[in-house]
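What follows is each chain in one-letter form.
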There are 2 protein chains.
Amino acid sequence: MSPKITTELLKQLRQVMKNPRYVQEPVQAYIVPSGDAHQSEYIAPCDCRRAFISGFDGSAGTAIVTEQHAAMWTDGRYFLQAAQQMDTNWTLMKMGLKDTPTQEDWLVSVLPEGSKVGVDPFIIPADQWKRMSKALRSAGHDLVPVKENLIDTIWTDCPQRPCKPLITLDLSYTGISWRDKIVALRSKMAERKVMWFVVTALDEVAWLFNLRGSDVEYNPVFFAYAVIGMNTIRLFIDGDRMMDPAVREHLQLDSTLEPEFRIQVMPYGSILSELQAVAAGLSPKEKVWLSDKASYALTEAIPKAYRYLTPYTPICIAKAVKNTAETEGMRRAHIKDAVALCELFNWLEKEVPKGAVTEIVAADKAEEFRSQQKDFVELSFATISSTGPNGAIIHYKPVPETNRTLSVNEIYLLDSGAQYKDGTTDVTRTMHFGTPSAYEKECFTYVLKGHIAVSAAIFPNGTKGHLLDSFARSALWDCGLDYLHGTGHGVGSFLNVHEGPCGISYKTFADEPLEAGMIVSDEPGYYEDGSFGIRIENVVLVIPAETKYNFKNRGSLTFEPLTLVPIQTKMIDVNLLTEKECNWVNEYHEKCREVVGAELERQGRHEALQWLLRETEPLARVQ
Amino acid sequence: MSPKITTELLKQLRQVMKNPRYVQEPVQAYIVPSGDAHQSEYIAPCDCRRAFISGFDGSAGTAIVTEQHAAMWTDGRYFLQAAQQMDTNWTLMKMGLKDTPTQEDWLVSVLPEGSKVGVDPFIIPADQWKRMSKALRSAGHDLVPVKENLIDTIWTDCPQRPCKPLITLDLSYTGISWRDKIVALRSKMAERKVMWFVVTALDEVAWLFNLRGSDVEYNPVFFAYAVIGMNTIRLFIDGDRMMDPAVREHLQLDSTLEPEFRIQVMPYGSILSELQAVAAGLSPKEKVWLSDKASYALTEAIPKAYRYLTPYTPICIAKAVKNTAETEGMRRAHIKDAVALCELFNWLEKEVPKGAVTEIVAADKAEEFRSQQKDFVELSFATISSTGPNGAIIHYKPVPETNRTLSVNEIYLLDSGAQYKDGTTDVTRTMHFGTPSAYEKECFTYVLKGHIAVSAAIFPNGTKGHLLDSFARSALWDCGLDYLHGTGHGVGSFLNVHEGPCGISYKTFADEPLEAGMIVSDEPGYYEDGSFGIRIENVVLVIPAETKYNFKNRGSLTFEPLTLVPIQTKMIDVNLLTEKECNWVNEYHEKCREVVGAELERQGRHEALQWLLRETEPLARVQ
């Protein structure tokens, strides 16, 4: 990796920072955050502005350019990569280290008195704006919105904003029509006494209208906003996508609907002016509901007295609780995904010993098998295919420079998933194609015990996921081990593989309580730097649990694994399992056999079926 | 319980709310919070102003009086009591119910436009002031500080502020001199670049100077403030307590000390003016450190630019980590406490069947046995002595109206503790003096499993206590049961029985990480309304744990029980215990035998020793 030469670019940026065509007054600093106008986790190439200006293309980082300096804040995952990708114009600010200044403190230390700090108000979330603005103001500076994105003004070969065709999803996939979703949303709005709701997150727009897109890799979303009133629906979207007869039919654009269900289609770029018009027409006490993570630009369009901000929107919460059509779809998707992985692991078992399977080859093969399955759309994230020491790099993605060959002497970790029209998958299996060491088996078994502890946990209705996180760690902790990531995240239904508002982590205390129908991942791990990585991940569905008693009539919940891929028994030290854990593994494998076995049979995949049968032989505890 | 007649009092209060002698402008509402000027959990009689004005004397509640209304906010524990103690002048605001307005919303709904809301700035914590003030201002009202407490102006027979003699603690109790504590505090101040530290919590003043008092029942503290500069020490305290030669000697008030260790003694009431003088003398960048829970009056005395506020003070954190002298003292205190309880339980076993032991008699007897022990000072909280259905009332305290007689047919729950000069105790045991039902044993055993799960937990250094809370609930959750309180709180060393900054609860996410030397309680429970309550509580010390591996060289921690009182084996369903849990009980009882047995022997308490030996017979698991 050679660094990007940014001298000329920075010179150009510093010129536009003073150019009255773009800024009312010169700005002495310009902030380039990651992220797009929708606060998406995955972004389109045209939104990779921070990577363009600096060369650093990791998933997290904020660049700040002043007259004299250019600095990049990123976290421990990316220290090495950022240092390699950036030239000497840039100073790397290592977040999490004691002596690293915050962006605010650094700005205050380098800026001349009374400076203006510019930022694109569409890219910065309102809550971040507030924090940054307050800190700068108290030091005599001003954070100012710069309407035109200054990077865009110098990015001559900036890719176009994607505008790909839409997929319509019928009731058999979504379980509920967009019309009924609007009705439910309006009833939530009435409950909170708000008149308008602004949909800013891309997956929320997609979910609300039962549409999917492919504007962003891995995430079946499309660039759009929506503004829902008690009697109006406005969808802000570009291109000729609304000319597609299937979409017109789906949204009933040409039908004579009751006025409150007529969708007004407007240009994507008109959201701000339309929102300002809405704001201008508000009567006292009429509120507008936005996520507190919506952009500063849209939040600011609503006068403070009229704003109703919440960390989670009613759509985010409704979307997290899957209905029967969605859970059935997720089940089907996971069975197909399991078929693909049985094929893959059977293939790897034969090919790895020959010495020609690299991490990239294995990842490609996984995609090939998945793409043979019905309703396959794309992968749900970049496949983590890692062997030996690469497995210890938690966010690893094989590239030619690091691509390692799988062997019978190393542990192989595959974390992968796909988007099917009926559901989203995300599964991690850790395999050994030779003979694992006793130590590798020991560590694997602790991780498995943690996985089971969460998967089999019974807990009261209303419990937040973060209260379950320690269950996943207990067996590791007993031996002085641990892993430095959360245990689980929400998973969308043919939507983003990471979604709120629930999860299982020692970090997320703002999570919403788990309820039946929510879907999360269960993925404890153990990583030994320089030697191996272990992770066992299933996607699990929250279901009601039957219990002997029922305290305060609250009811209880537990998890049902949707992922049905064998857990390599060769890696298990059976003597470390309790009888209950041993039974869990055997029952899980019995279900894999039954459900996935039947599908393999149906698809005529006999060799993979044989592999499945062998891999799901019951464990026998040594007494 | 008949309600207090408050008509005349409210009339008087409403008069002083308009009296220019006390208020610059009339206030249309006056807030009477619980609590004293030090934000103490337990308060002195002279600070029970909310109880005086309303009649309601529960531990939590806020009264607000307007021209027309008088309203009381309290939580579910006190709905019944508050309703019984207050007359019809008062409206009960049931906190936690959906339709109950917040204090701010209620004020906004009842006040005429542009009202002034008064409150004693010494009683309201700065963080509460900020929230309330903001809400009122945004509705066009003003929160104003009323210098003189308006309740005090009408409380003609208000008890005097206590001013009892002090106890000096030498190094054998404290392990570290007050001088060295000042040195350590100043080094923390230097680290954070602050010039002054204001000590506002009573237990922090007591700890810092190695002094104890008895101004507040159960808490060995005294009314005082301290202001520590880099070169000065000011102690604000009233009465002739500083005339006591032992105290003068302890504080070296008559010695020729280096100037930075000379303690200037000043009147308690002069804190505000002295702090204002400190503020007036500050140079730019000189900061003053306060708890963010300090009173609004003291916080406001420091201009905003000079304030350094933290949720936990350096004293709070240092105090929580006990040194060897303190842990040895706590061990001694717990052995003596165990001796008293062995005597008590032996006595109860003989007396309960005769039918003359009430909850109050049992509580008194417990105090009698404790008071026979060396260095006994007082109880550490009001004894919870509860039998049968009273045991299900979590914050129960027996009073003549509720006093129930112990019997061989009901479960008895005793949660009690004492202050000894060498340590503070807090222990709960649940006993049956007849034959418990299978269901009672089952519930008891789940609670015990939870107790053991926390007590035996191994976890990495740096883990916060709230991450352990679910371990205590897992066995109950498995059967659909739970308890609606936290699992543990910090315990002081001959100080407050509840102290920050650590604890074990699903609620406290602001807790500081556990470290070796911290002391917390481990007290899961199960309560069945109208029939029984179960709780098993030990005070436990955080100690380093030996583990097989040591991830990232972080080290591990676990707990050592300081409480050494038998857990009634009669209540245990041994078949519900794992082998590991069974061993834990047997090892715990073995230690009780050894340590407490030796002390009973030494004290010649042979009958209690026989009781101990019988109660600590090893459990035998049925195979």
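Residues numbered from 1 in each chain as written. Chains lettered and ligands numbered in written order. Predicted model: local features only at pLDDT ≥ 70, side-chain atom pairs only at ≥ 80, totals over all residues. Heavy atoms only, no water.

- The name that an unreviewed UniProt entry assigns to chain A is Xaa-Pro aminopeptidase 1, with the source organism given as Elachura formosa.
- The Cofactor (unreviewed entry) field of the UniProt record for chain A holds the comment "Mn(2+)".
- The UniProt entry for chain A carries the following text under Catalytic activity (unreviewed entry): "Release of any N-terminal amino acid, including proline, that is linked to proline, even from a dipeptide or tripeptide." (UniProt positions renumbered as here; feature names shortened; annotations may be inferred.)

**Let's talk about helix 11 (residues 271-280) of chain B**
Residues and elements named next belong to chain B.
- Taken together, the buried positions of helix 11 are Ile271, Leu272, Leu275, Val278 and Ala279. One side of helix 11 carries all its buried residues, which in axial view fall inside an arc of 120°.
- Residues of helix 11 that are buried make contact with strand 8 (194-199), strand 10 (224-229), strand 11 (233-237) and helix 12 (296-301). (Buried < 20%, exposed > 50% of the residue type's maximum accessible area, 1.4 Å probe, protein only. Helix = DSSP H or I, 4+ residues; strand = E, 2+ residues; numbered from the N terminus. Arc of directions from axis to C-beta. Contact = heavy atoms within 4.5 Å.)

**Quick notes on the packing of helix 14 (residues 324-351) of chain B against helix 19 (residues 606-615) of chain B**
Residue and element names in this part refer to chain B.
- As a packed pair, helix 14 and helix 19 sit with axes 9 Å apart at the nearest point and diverge in direction by 85°. Here helix 14 is positioned roughly perpendicular relative to helix 19, judged by the angle of their axes. Contacts from Cys342, Glu343, Phe345, Asn346, Glu349 and Lys350 of helix 14 reach helix 19 at Glu607, Ala608, Trp611, Leu612, Arg614 and Glu615.
- Classifying every residue of the contact of helix 14 with helix 19 gives five nonpolar, one polar and six charged. (Axes fitted to C-alpha atoms, helices over the stretch in contact; angles between N-to-C directions. Parallel < 35°, antiparallel > 145°, perpendicular 65-115°, else oblique. Nonpolar A, V, L, I, M, F, W, Y, C, P; charged D, E, K, R; others polar.)

**Some words on the pairing of strand 6 (residues 142-145) of chain A**
Residues and elements named next belong to chain A.
- In the sheet, strand 5 (residues 116-119) pairs with strand 6 via four bridges, with the strands oriented parallel. Bridge pairing in strand 6 links Lys116 to Asp142.
- You can see the chain leave strand 5, run along helix 5 (residues 126-138) and come back into strand 6, and the turn it takes is right-handed. (Pairing = 2+ DSSP bridges. Right-handed = clockwise from strand over helix to strand, strands pointing away.)

**Comments concerning the state of the cysteines**
Residues and elements named next belong to chain A.
- All chains considered together, the criterion is met by zero disulfides over all chains.
- With no disulfide of its own, Cys582 has Cys592 as its nearest cysteine by sulfur position, at a separation of 15 Å.
- By relative accessible area, Cys582 is classed as buried at 3%. (Disulfide = S-S within 2.5 Å.)

**Details of the interface of chain B and chain A**
- At the junction of the two partners, chain B supplies 34 residues and chain A supplies 33 residues.
- In this assembly, chain B packs against chain A so that about 2900 Å² is buried in total across both faces, 61% of it on carbon and sulfur atoms.
- Contact with chain A buries surface across chain B, with Trp477(B), Tyr549(B) and Phe551(B) losing the most and accounting together for 24% of the total.
- With its nearest N and O atoms 3.1 Å apart, the salt bridge here joins Asp529(A) to Lys552(B).
- The interface formed by chain B and chain A holds 14 residue pairs in polar contact (both at pLDDT 80 or more) in total.
- Only helix 16 (438-455), strand 21 (459-460), helix 17 (469-478) and strand 25 (525-528) of chain B provide two or more residues apiece to the side of chain B that touches chain A.
- At five residues, the largest contribution of residues to the side of chain B that touches chain A is made by helix 17 of chain B.
- Taken together, the residues that form the side of chain B that touches chain A break down as 18 nonpolar, eight polar and eight charged. (Buried area = accessible area lost by both parts, 1.4 Å probe. Salt bridge = Lys/Arg side-chain N within 4 Å of Asp/Glu carboxyl O. Polar contact = N/O pair within 3.5 Å; in protein donor to acceptor, adjacent residues only side chain to side chain.)

**Thoughts on the UniProt feature "domain: Peptidase M24 C-terminal" (unreviewed entry) in chain A**
- Taken from the UniProt record, the annotation "domain: Peptidase M24 C-terminal" (unreviewed entry) applies to residues 557-619 of chain A.
- With 54% helix and 8% strand, the stretch residues 557-619 of chain A has end C-alpha atoms that lie 27 Å from each other.

**Regarding the domain arrangement of chain A**
- Domain boundaries in chain A define domain 1 (6-153), domain 2 (167-318) and domain 3 (321-615).
- Here the C-alpha centre of domain 3 of chain A lies 37 Å away from the C-alpha centre of domain 1 of chain A. (Domains from an automatic or database assignment.)

**Some details on the side chain of Asp337(A)**
Residue and element names in this part refer to chain A.
- Positionally, Asp337 belongs in helix 14 (residues 324-351).
- For Asp337, a relative accessible area of 3% translates into the label buried.
- Setting aside chain neighbours within four positions, we find Asp337 in contact with Arg370, Ala418, Tyr420, Thr425 and Val427.

**Observations regarding the packing of aromatic side chains**
- Counted according to the given criterion, the structure contains 41 aromatic pairs over all chains.
- With a centroid separation of 5.1 Å and 80° between ring planes, the pair formed by Trp289(A) and Tyr308(A) is classed as edge-to-face. Of this pair, Trp289(A) sits in strand 13 (residues 287-291) while Tyr308(A) is found in strand 14 (residues 307-310), placing the two residues 19 residues apart along the sequence.
- Judged by its relative accessible area of 1%, Trp289(A) is buried.
- Their ring planes at 10° and their centres at 3.6 Å tell us that Trp129(B) and Tyr296(B) sit as a pair that is stacked. On the criterion of sequence distance, the pair formed by Trp129(B) in helix 5 (residues 126-137) and Tyr296(B) in helix 12 is long-range, its members being 167 residues apart. Residues Trp129(B) and Tyr296(B) agree in their burial class; the two are buried. (Phe/Tyr/Trp six-rings, centres within 6.5 Å; stacked < 30°, edge-to-face > 60°.)

**Considerations on a positive patch on the surface**
- A contiguous patch of positive charge on the surface is contributed by Lys130(A), Lys134(A), Arg137(A), Lys304(A), Lys130(B), Lys134(B), Arg137(B) and Lys304(B).
- Note on placement: Lys134(B) falls in helix 5. (Patch = residues over 30% accessible without salt bridge, like charges linked within 9 Å, V, L, I, M, F, W, Y side chains within 5 Å. Areas by Shrake-Rupley, 256 points an atom, 1.4 Å probe, with all protein chains shown as cover. Lys, Arg positive; Asp, Glu negative; His and termini not counted. Charge placed at Lys NZ, Arg CZ, Asp CG, Glu CD.)

**Some details on the side chain of Glu581(B)**
All names here are of chain B.
- Tracing the backbone through its elements, the reader meets Glu581 in helix 18 (residues 579-602).
- At a separation of 2.9 Å, a polar atom in the side chain of Glu581 contacts the side chain of Lys449.
- Within the structure, the side chain of Glu581 is placed 2.8 Å from the backbone nitrogen of Thr578, a separation counted as a polar contact.

**Side note on the nonpolar core**
- Membership of the largest hydrophobic core comes to 158 residues, with the highest contact counts inside it found for Leu348(A), Phe559(A), Leu348(B) and Phe559(B).
- Other than its neighbours up to four places away in sequence, Leu348(B) contacts Pro353(B), Val357(B), Ala362(B), Leu406(B), Tyr412(B) and Phe433(B).
- Listed in part, the 58 residues of the second largest apolar core include Ala37(A), Trp196(A), Leu208(A) and Tyr268(A). (Core = buried A, V, L, I, M, F, W, Y, C linked by side-chain atoms within 4.5 Å.)

**Points about the packing of helix 16 of chain B against helix 18 of chain B**
All names here are of chain B.
- Where helix 16 meets helix 18, the closest approach of the two axes is 11 Å, and the angle between their N-to-C directions is 80°. Viewed along their axes, helix 16 and helix 18 adopt a mutual orientation that is roughly perpendicular. Contacts between helix 16 and helix 18 involve Leu448, Lys449, His451, Ile452 and Ser455 from the first element and Glu581, Trp584 and Val585 from the second.
- A per-class count over the contact of helix 16 with helix 18 returns four nonpolar, two polar and two charged.

**Concerning the sheet that holds strand 19 (residues 423-424) of chain B**
Residue and element names in this part refer to chain B.
- With antiparallel pairing, three strands are arranged side by side in an open sheet as 15-18-19. Among the strands making up the open sheet, the edge pair consists of strand 15 (376-379) and strand 19.
- When strand 15 meets strand 18 (residues 418-420), the two strands line up antiparallel, connected through three bridges. Residue Glu378 lies in a different strand from strand 18, and its bridge partner there is Gln419.
- Strands in contact with helix 15 (residues 359-371) are strand 15 and strand 18; relative to strand 15, the strand with the most contacts, it is inclined by about 160°.

**Side note on the environment of Leu251(A)**
- With respect to the secondary-structure elements, Leu251(A) resides in the loop between helix 10 (245-250) and strand 12 (263-266).
- Considering only alpha carbons, one finds Leu251(A) and Leu211(A), 40 residues apart in sequence, at a separation of 9.3 Å.

**Some points on unusual backbone geometry**
Residues and elements named next belong to chain A.
- The linkage connecting Gly500 with the following residue, Pro501, adopts the cis geometry, with an omega of 0°.
- With respect to the element layout, Pro501 can be found in strand 23 (residues 499-504).
- Its identity is not glycine, yet Lys193 carries a phi of approximately 60°, on the positive side.
- The topology assignment puts Lys193 in the loop between helix 8 (178-191) and strand 8 (194-199).
- What makes Lys193 exposed here is its relative accessible area of 66%.

**Notes on the relation of the copies chain B and chain A**
- Once chain B has been moved 0.0 Å along the axis and rotated by 180°, it coincides with chain A to within an RMSD of 0.0 Å. Those values place the two copies in the arrangement expected of a two-fold rotation axis.
- Both copies present the same face, since 97% of the interface residues in chain B are matched by interface residues at the equivalent positions in chain A. (Least-squares fit on C-alpha atoms with pLDDT ≥ 70 in both.)

**Observations concerning the pattern of salt bridges**
- Applying the stated criterion across every chain yields a total of 78 salt bridges over all chains.
- A salt bridge links Asp482(A) to Arg554(B), with the shortest nitrogen-to-oxygen separation between them at 2.7 Å. Pair noted here: Asp482(A) is in the loop between helix 17 (469-478) and strand 22 (488-490) and Arg554(B) is in the loop between strand 27 (538-545) and strand 28 (556-561), and the two residues belong to different chains.
- Here Arg332(B) ties to Asp422(B) by a salt bridge, and the two come within 3.2 Å at their closest N and O atoms. Linking Arg332(B) in helix 14 with Asp422(B) in the loop between strand 18 and strand 19, this pair joins segments that are 90 residues apart in sequence.
- You can call Asp422(B) buried: its relative accessible area is 6%.
- One salt-bridge network, in which partners are shared between bridges, spans Asp47(A), Arg49(A), Asp152(A) and Arg161(A).

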